[in-house]
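# Chains, contacts and geometry: an overview
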Number of protein chains: 2
Amino acid sequence: MQVTASAHRVHLFSPSSSPALSLPSAKHCRCRYRNAAATTVRMGLREDGPSVAVVGVTGAVGQEFLRVLSDRDFPYRNIRLLASRRSAGKRLTFEDREYTIEELRPESFEGIDIALFSAGGSISKEFGPVAVERGSIVVDNSSAFRMVPEVPLVIPEVNPGAMAHINLKGRSGKGALIANPNCSTIICLMAATPLHRHAKVVRMVVSTYQAASGAGAAAMEELLQQTHEVLDGKQPTCKIFKQQYAFNLFSHNAAVLSNGYNEEEMKLVKETRKIWNDMDVKVTATCIRVPVMRAHAESVNLQFEKPLDEDTARRILEGAAGVTVIDDRIQSLSYALGCHPDVRMHYLHVSNKDDVAVDDRQDLPQDGNQGLDIFVCGDQIRKGAALNAIQIAEKLL
Amino acid sequence: MQVTASAHRVHLFSPSSSPALSLPSAKHCRCRYRNAAATTVRMGLREDGPSVAVVGVTGAVGQEFLRVLSDRDFPYRNIRLLASRRSAGKRLTFEDREYTIEELRPESFEGIDIALFSAGGSISKEFGPVAVERGSIVVDNSSAFRMVPEVPLVIPEVNPGAMAHINLKGRSGKGALIANPNCSTIICLMAATPLHRHAKVVRMVVSTYQAASGAGAAAMEELLQQTHEVLDGKQPTCKIFKQQYAFNLFSHNAAVLSNGYNEEEMKLVKETRKIWNDMDVKVTATCIRVPVMRAHAESVNLQFEKPLDEDTARRILEGAAGVTVIDDRIQSLSYALGCHPDVRMHYLHVSNKDDVAVDDRQDLPQDGNQGLDIFVCGDQIRKGAALNAIQIAEKLL
Ligand SMILES: NC(=O)c1ccc[n+]([C@@H]2O[C@H](COP(=O)([O-])OP(=O)(O)OC[C@H]3O[C@@H](n4cnc5c(N)ncnc54)[C@H](OP(=O)(O)O)[C@@H]3O)[C@@H](O)[C@H]2O)c1
Ligand SMILES: NC(=O)c1ccc[n+]([C@@H]2O[C@H](COP(=O)([O-])OP(=O)(O)OC[C@H]3O[C@@H](n4cnc5c(N)ncnc54)[C@H](OP(=O)(O)O)[C@@H]3O)[C@@H](O)[C@H]2O)c1
């Protein structure tokens, strides 16, 4: 079903309710998204679609869920928009219909076929099993269940087989859990996996350049506010992060473990092994926050078991789903551009892109063509979170 | 000779001349430097000191030359301040004396013992040999002579022996050339060399997070201006860089070579080999500009020939000259903070520091304790450029 775009379509919040929601970053993205959108809209509301719930709908990822559902014409019979008590009662327009945000409760999952969770790990831990108990298939964006052996951890382009046994038709009473990998893992493996399939990665050294968006809508706002403050000669307000973020960089804010690595770094190590089903692959990571808004970038050095020359690598990447190869390195790196309110041109380049952008170079001093340096950028709210989850949901239909 | 600081001491430019010089970033740093400085000042003006020239004195590095000369009580009989015709005639106060900036000419080197060059590669290529011909020992900050086999490429803490044959007393008529390595190389090798001496680095994978300052004072100003513009919803002005820098990151702006690496990356490869005098060490680098003002950071993965456990590595680093080990990784990374006009507190943490800060972790999946991940931050104008050059000059005395 294709209809012409209405001006309201991507005004996710109705104008009257949006000022009350202090989510300026999400709001900015929304505005710009509207301008960037194609003029033809497909609406997913249809009787034969599943009943969908979005948990954490007011957040950075939750907002993106709605955009991606709409962009991809995801079919739904009805949609329930859930958040905390703080947001309950606020109104929100999605695909030309007005909805009221409801407070998340156990009963929220009554009759829900697919529940898209992105309200943090503790909410997932508490409500994920409740939803499963009530028959929903949960696609969870948090880290709560990723390393649970029986929970599939899925990037649809990489390991769709891991969730082959789960779908809507085959359900009998109980639902199921599927975990969405961490954004850095998704972006890295989108580019590394096609090469891995060809020449087997034995070792991967990752250094990340991570955006504010990875820490949620409030972190994006903090970066914006701090930048204003620093330019005005004021002390920057630090609420989300412990130190100044504007014009600074620092180790990812995840907890540091006894081995010196932080949790974000260990996610890259452990999730890669689970997704590739390869406990021997050697992965090490250094995760750094840089003062950009929305897209993550990663410098990845790969060592292979078999030789792989640069031309073959490029051909493999060019043929890979969800990957765009950028020849001009400077262009590719512009993909990491943050989603700033008024830089539409750049926003168009970047933050609404589904693909990850990758640039590759033969790791020169490595013996026998067995090394490659790749630089990958991806919209971490989109492919790093919402898009990947909805691609998983599409496989359930 | 120790005197009490005068309020003017680090007002390098006299107030009347500074507005005409459009170097706000350098100006800001200068003001803040004054506040950060100790109250006791040592002045280096003395009859038995060498005659010194600073080429490119109005630039980001040139300004830092003056600060470091003053900070370290570098002895000088007289000092000649050189820049382009644009700056000639402007007046500048240094250690309580007023100087007139002169236009760089061949005659500028008449009677000069030590010439500190930082006015770009083409100026070095043109005037370096002229200065040597006239008897000056040139310490050059550009890349012009770094890879010339007979020119020593020196980090004083790392390979002082390479310049052992050059000093002021042993000169006979002709001068000599000594090259200062690239800032990324200096910062990386300050931390990697002590470990290399102990366990021999066989492979080094570097990903950089480079500041605006590496592209000079005008680049710092561009980042500042663009950030204002982007926040105001204006199109960012791109003069130094081809694309938006504010809230963005991109591949280092050096020319991309046919092998896909850019010149900055290849400097890390080639300079490391020359400085370590080890043509076999495998180095690969990915150099990225991030929107911070002044300090570079580098994520470095090291593979060693011999085992090296994390505790030993830490002890080695703690004993290394010019290196500060930071236990708390988040703190260490705050070192990368840019030098912004009004963030004195942070500026004190960072940008006036001589040492590079390093944090280390055992590269987990590497066999037999033969890997280490280090994260190094350093003030790239100071240790990455001016300080290193002046340490070289001190060895000439
Ligand atoms: N950001 C990313 O790109 C990304 C990527 C991968 C995974 N994730 C994961 O996705 C989750 C959300 O991330 P985000 O960036 O969207 O965060 P966010 O912008 O801070 O949004 C958090 C959302 O959770 C809701 N929430 C908070 N407490 C709640 C409660 N007690 N009950 C119900 N809802 C509650 C919030 O609702 P209110 O507005 O009502 O408070 C909001 O909708 C996190 O687990 C994160 O790790 C995020
Ligand atoms: N920035 C760093 O941290 C760093 C680190 C290592 C090495 N270096 C190298 O040091 C050099 C300068 O860097 P920077 O960052 O200080 O650049 P900058 O801030 O742009 O300053 C350039 C300096 O060169 C002078 N200059 C330009 N053209 C000249 C000419 N025709 N004759 C005489 N002087 C001239 C300028 O004088 P006017 O003001 O009169 O134009 C200014 O003093 C470069 O070669 C750079 O690669 C820099």
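Everything numeric here is computed off the predicted structure, so don't read it as measured data.

Quick notes on the rules
Residues numbered from 1 in each chain as written. Chains lettered and ligands numbered in written order. Predicted model: local features only at pLDDT ≥ 70, side-chain atom pairs only at ≥ 80, totals over all residues. Heavy atoms only, no water. Helix = DSSP H or I, 4+ residues; strand = E, 2+ residues; numbered from the N terminus. Buried < 20%, exposed > 50% of the residue type's maximum accessible area, 1.4 Å probe, protein only. Contact = heavy atoms within 4.5 Å. Areas by Shrake-Rupley, 256 points an atom, 1.4 Å probe, with all protein chains shown as cover. Pairing = 2+ DSSP bridges. Axes fitted to C-alpha atoms, helices over the stretch in contact; angles between N-to-C directions. Near = heavy atom within 4 Å. Polar contact = N/O pair within 3.5 Å; in protein donor to acceptor, adjacent residues only side chain to side chain. Nonpolar A, V, L, I, M, F, W, Y, C, P; charged D, E, K, R; others polar. Domains from an automatic or database assignment. UniProt positions renumbered as here; feature names shortened; annotations may be inferred. Phe/Tyr/Trp six-rings, centres within 6.5 Å; stacked < 30°, edge-to-face > 60°. Expected span 1.5 Å × (residues − 1).

Attention now goes to the overall build of chain A. Along the backbone of chain A there are ten helices and 18 strands. Across the 397 residues that make up chain A, the buried fraction comes to 63%. Long-range pairs, those at least 24 residues apart, make up 74% of the contacts in chain A with a sequence separation of at least 6. With the model as given, the accessible surface of chain A reaches about 13,800 Å², and the carbon-plus-sulfur share is 49%.

Turning next to the sheet that holds strand β16 (residues 356–362) of chain B. Residues and elements named next belong to chain B. Taken in spatial order, the seven strands make up an open sheet running β12-β13-β11-β14-β17-β16-β15, and their pairing is mixed. With one partner strand each, in any of the chains shown, β12 (250–251) and β15 (323–325) form the two edges of the open sheet. Inspection of the sheet shows β12 paired to strand β13 (residues 282–289) by two bridges, in the antiparallel sense. Bridge pairing links Phe250 to Arg289 in β13. Packing of helix α6 (residues 263–276) onto the sheet brings it into contact with β11 (201–210) and β13, and relative to β13 it is tilted by some 140 degrees.

Quick look at the site of ligand 2 now. Residues and elements named next belong to chain B. Taken together, 26 residues lie around ligand 2, and Thr58, Val61, Ser84, Ser87 and Gln380 are the ones closest in. Gln380 has a polar side-chain atom sitting 2.6 Å from an oxygen atom of ligand 2. Elements that contribute at least two residues to the shell around ligand 2 include exactly α2 (60–71), α3 (121–133) and α10 (382–396). Across the shell around ligand 2, the residue classes tally to ten nonpolar, 15 polar and one charged.

Residues and elements named next belong to chain A. Taken together, the neighbourhood of ligand 1 is formed by 26 residues, with Thr58, Ser84, Arg86, Ser87 and Gln380 sitting nearest. Val61 places a polar main-chain atom, nitrogen or oxygen, 2.9 Å from an oxygen atom of ligand 1. When ligand 1 sits alone it has 890 Å² of accessible area, and the protein chains cover 77% of it. Secondary-structure elements contributing two or more residues to the shell around ligand 1 are α2 (60–71), α3 (121–133) and α10 (382–396). Taken together, the residues of the shell around ligand 1 break down into ten nonpolar, 15 polar and one charged. Taken together, domain 1 (19–144) and domain 2 (185–380) each give at least three residues to the shell around ligand 1, which thus spans both.

In this section: the sheet that holds strand β3 (residues 51–55) of chain B. Residues and elements named next belong to chain B. One open sheet accounts for six strands, arranged β7-β4-β3-β8-β9-β10; its pairing is parallel. Strand pairing shows two members of the sheet lacking a second neighbour, β7 (102–103) and β10 (176–179), which therefore form its edges. Across the face of the sheet, α3 comes into contact with β3, β8 (114–117), β9 (137–140) and β10 while running at roughly 175 degrees to β8. Of the strands in this sheet, β8, β9 and β10 touch α10, which is tilted by about 170 degrees from β8.

As recorded in UniProt, the sites labelled "domain: Semialdehyde dehydrogenase NAD-binding" (unreviewed entry) are residues 51–166 of chain A. Helix makes up 22% of residues 51–166 of chain A and strand 25%. Its end C-alpha atoms lie 17 Å apart.

The full count for this structure, using the stated rule, is 15 aromatic pairs over all chains. Between Phe241 of chain A and Tyr245 of chain A the ring centres are 4.9 Å apart and the planes differ by 70 degrees, which places this aromatic pair in the edge-to-face class. Accessibility classification places Phe241 of chain A together with Tyr245 of chain A in one group, the buried group. Through a chain of ring-to-ring contacts, three or more aromatic side chains come together here, namely Tyr209 and Phe375 of chain A together with Tyr209 and Phe375 of chain B.

On to α10 of chain B, then. Here α10 of chain B contains 15 residues, and its C-alpha end-to-end distance of 19 Å stays within 8% of the 21 Å for a straight helix at 1.5 Å per residue. Taking burial as the measure, the 15 residues of α10 of chain B include 13 buried ones, the bulk of the element.

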